[in-house]
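# Structural description and commentary
The chain contents come next:
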Amino acid sequence: MHEMGIANQIVEIASSYLPDNFDDRRVERVNLKIGKLTGIVPDSLRFCFDIITKDTPFSGAELKVEDVSVKARCNDCDNEWTVDQASFICPKCNGGNADITAGRELDIVSIEVAE
Amino acid sequence: MEIKVVRKVLDANEKMAEQNRALFKDKGVFVINVMSSPGSGKTTILERTLNNIMPGIKTAVIVGDVSTTHDADRLAKSGAPVVQVNTDAFGGDCHLAAHVIENAASQLDLDNIDLLIVENIGNLVCPAEFDLGENLKVVVLSVTEGEDKPVKYPLMFRVCDSAILNKIDLLPYLDYEKDLAVESIRKIHPDMPVFEMSAKTGDGFDAWTDWLKRCVSEK
C-alpha cells in the first residue's frame with residue numbers, strides 16, 4: 001500500500017486544524033476511521049507517521065485507528081449484512097445487486113492536543 | 001482538548017478527480033482506467049485494442065510505470081498519442097493519482113480525442129483507491145495467476161466495471177480452473193461483464209472491443 005502518502009495527507013490535513021497560537025504544544029492523538037476494505041495496514045501507517053512527524057507538533061502522537069467492518073445492503077431485498085468473507089452475494093436472497101455501505105472509510109475524525 | 005476534523009484523507013485526490021471528470025466531459029473524452037497485477041498482459045491487450053478501434057475511435061493513452069518507457073514505446077507504434085508517466089518522479093508511487101492524470105492530460109489535444117485509456121501501474125491494491133476522473137474501470141486478470149485473486153483483492157474487483165481474463169491460449173498447459181476464477185469474480189461483483197480472451201492470438205477479443213466501442217458511443 002501507499003502508507004507513506006497516506007501519512008503525509010493525514011499530517012497535512014490535521015495541521016490545517018491546529019489553532020494559530022499552537023506554538024510548541026503537542027498533538028497527543030490523531031483519531032482515524034479506517035474501513036477494512038481499504039487495504040491499509042495500520043502498523044505500516046504508524047511507522048510512516050512516526051518517521052515524517054519527527055520534530056513537528058505531531059511527534060510522538062498516537063494514531064488511534066477505529067476499524068470499520070465491511071457492510072453491504074441488498075438492493076433487491078433491503079437486507080443489510082456484515083461482509084466477513086469476500087462475497088457480495090446477499091446471504092438472504094442470493095441476489096447480486098448490493099451496495100457497499102461501510103468499509104471504505106479512510107477518515108480523520110479528530111485530533112487531541114495537550115491542554 | 002479534542003479538535004473535530006471529520007475529513008476524508010483522500011479528499012485532495014477526490015477533488016482533483018472531479019475536476020478531471022468535468023474537463024473530460026466538457027471535451028467529450030471518454031476515459032477508462034485499466035488496472036491489473038504486473039505481467040497480466042495489459043500492454044499487449046492495449047496494443048491489440050488500439051489496432052482494432054483506431055482510426056474509427058480517436059484514442060490516446062496515458063501509461064503509468066514506476067520507471068522506463070518500454071510500454072509507451074510499444075503503444076506509440078499504433079500511432080496513438082501516448083504520454084508516459086513515471087511515478088518515481090512523484091516518489092516511486094504504486095498507483096496513479098488524479099493530479100498525475102491532470103498533468104498528463106494537459107499534454108494531449110483533448111479536442112481531438114474520443115477515448116483516453118489510462119494504463120495504471122501494475123498493482124491490485126493501491127490503484128483501486130484512487131479515483132482519476134475516469135468513466136470506467138477495467139481489471140485484467142490472467143490465467144497464470146491464482147484463481148482466487150478476486151477474493152484476495154476484493155476492492156479492486158468490486159470497483160471495476162468489467163474484467164478481462166487474459167492468456168486463455170495457455171489454458172491447455174496449466175492446471176488453472178477457469179470456472180473457479182470466474183466464480184471468484186462473480187462473488188465480488190456478480191453482474192460485471194467478464195471477457196475471456198487471449199490478447200496474443202485474438203481469441204475472444206471482439207467481445208471486449210465491441211463492449212468498449214458501445215461504451216464510448218453511448219458516452
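## Points about the overall build of chain A
When helices and strands are counted, chain A shows two helices and six strands. Reading the helices (α) and strands (β) of chain A from amino to carboxyl end gives α-β-α-β-β-β-β-β. Structurally, chain A occupies a C-alpha span of about 60 × 25 × 15 Å along its principal axes. The buried share of chain A, reckoned over its 115 residues, is 43%.

## Quick look at the pairing of strand S3 (residues 59–65) of chain B
Residues and elements named next belong to chain B. Burial of S3 is extensive: seven of the seven residues sit out of reach of the surface. Of the two faces of S3, the one carrying Thr-59, Val-61, Val-63 and Asp-65 and the one carrying Ala-60, Ile-62 and Gly-64 are both buried. As paired elements, S3 and strand S5 (residues 115–119) share five bridges and run parallel to each other. The residue bridging Ile-62 from the neighbouring strand is Val-118, located in S5. The sheet contact formed by S3 and strand S4 (residues 82–86) spans five bridges and is parallel. Of the residues in S4, the one forming a bridge with Val-61 is Val-82. Handedness of the crossover is the feature at issue here: the chain leaves S3, passes through helix H3 (residues 70–76), returns alongside S4, and the resulting connection is right-handed.

## Let's talk about helix H1 (residues 3–15) of chain A
With 13 residues, H1 of chain A extends 18 Å from end C-alpha to end C-alpha; this agrees with the ideal 18 Å at 1.5 Å per step. Among the residues of H1 of chain A, those classed as buried are Glu-3, Ile-6, Ala-7, Ile-10, Val-11, Ile-13 and Ala-14 of chain A. Where the residues of H1 of chain A are buried, they touch strand S1 (27–35), helix H2 (42–52) and strand S6 (106–113) of chain A together with strand S1 (2–8) of chain B.

## Comments concerning unusual backbone geometry
With an omega of 0 degrees, the peptide bond running from Met-54 of chain B to Pro-55 of chain B counts as cis. Secondary-structure assignment places Pro-55 of chain B in the loop between helix H2 (42–53) and S3. One non-glycine residue, Asp-78 of chain A, adopts positive backbone phi at about 70 degrees. Tracing the sequence through the fold places Asp-78 of chain A in the loop between strand S3 (71–74) and strand S4 (80–82).

## Quick word on the interface of chain A and chain B
Listed by partner, the interface residues are 30 residues for chain A and 27 residues for chain B. Surface buried jointly by chain A and chain B totals about 2700 Å² across both partners, of which 63% is contributed by carbon and sulfur atoms. Counting across the chain A and chain B interface gives zero salt bridges. Applying the counting rule to chain A against chain B returns 11 residue pairs in polar contact (both at pLDDT 80 or more). Mapped by element, the contributors of at least two residues to the side of chain A that touches chain B are H1, strand S5 (98–102) and S6 of chain A. At eight residues, the largest contribution of residues to the side of chain A that touches chain B is made by S6 of chain A. A class-by-class count of the residues in the side of chain A that touches chain B yields 17 nonpolar, seven polar and six charged.

## Structural notes on the sheet that holds S3 of chain A
All names here are of chain A. Spatially, S4-S3-S5 is the arrangement adopted by the three strands of the open sheet, whose pairing is antiparallel. What marks the edges here is a single partner per strand, and that holds for S4 and S5. For this sheet, the mean angle separating the axes of adjacent strands, direction not counted, is 30 degrees. Where S3 lies against S5, four bridges are found, and the strand directions are antiparallel. Along S5, the bridge assignment pairs Lys-71 with Ala-102.

## Overview of the state of the cysteines
All names here are of chain B. Overall, the coordinates contain zero disulfides over all chains when judged by the stated rule. Lacking any disulfide linkage, Cys-94 is separated from the closest cysteine sulfur, that of Cys-126, by 3.3 Å. The buried category is assigned to Cys-94, whose relative accessible area is 18%.

## Details of the packing of aromatic side chains
Under the definition given, this model contains four aromatic pairs over all chains. Where Phe-49 of chain A meets Phe-58 of chain A, the ring centres are 6.4 Å apart and the plane angle is 85 degrees; that geometry is what we call edge-to-face. For Phe-49 of chain A, a relative accessible area of 1% puts it in the buried group. Judged by relative accessible area, which is 1%, Phe-58 of chain A ranks as buried. Look at Phe-195 of chain B and Trp-208 of chain B: their rings are 6.0 Å apart centre to centre, the planes differ by 65 degrees, and that puts the pair in the edge-to-face class. Taken as a pair, Phe-195 of chain B in strand S8 (residues 194–196) and Trp-208 of chain B in helix H8 (residues 205–217) lie far apart in primary sequence, 13 residues in all. Among the aromatic residues, those joined into a cluster by ring pairs are Phe-195, Trp-208 and Trp-211 of chain B. Across the ring face of Phe-205 of chain B, the terminal group of Arg-48 of chain B is positioned such that the distance to the ring centre comes to 5.8 Å. Sitting over the ring of Phe-88 of chain A, Arg-158 of chain B keeps its end group 4.7 Å from the ring centre.

Criteria and cut-off values
Residues numbered from 1 in each chain as written. Chains lettered and ligands numbered in written order. Predicted model: local features only at pLDDT ≥ 70, side-chain atom pairs only at ≥ 80, totals over all residues. Heavy atoms only, no water. Helix = DSSP H or I, 4+ residues; strand = E, 2+ residues; numbered from the N terminus. Buried < 20%, exposed > 50% of the residue type's maximum accessible area, 1.4 Å probe, protein only. Pairing = 2+ DSSP bridges. Right-handed = clockwise from strand over helix to strand, strands pointing away. Expected span 1.5 Å × (residues − 1). Contact = heavy atoms within 4.5 Å. Buried area = accessible area lost by both parts, 1.4 Å probe. Salt bridge = Lys/Arg side-chain N within 4 Å of Asp/Glu carboxyl O. Polar contact = N/O pair within 3.5 Å; in protein donor to acceptor, adjacent residues only side chain to side chain. Nonpolar A, V, L, I, M, F, W, Y, C, P; charged D, E, K, R; others polar. Axes fitted to C-alpha atoms, helices over the stretch in contact; angles between N-to-C directions. Disulfide = S-S within 2.5 Å. Phe/Tyr/Trp six-rings, centres within 6.5 Å; stacked < 30°, edge-to-face > 60°. Lys NZ or Arg CZ within 6 Å of the ring centre and 35° of its normal.

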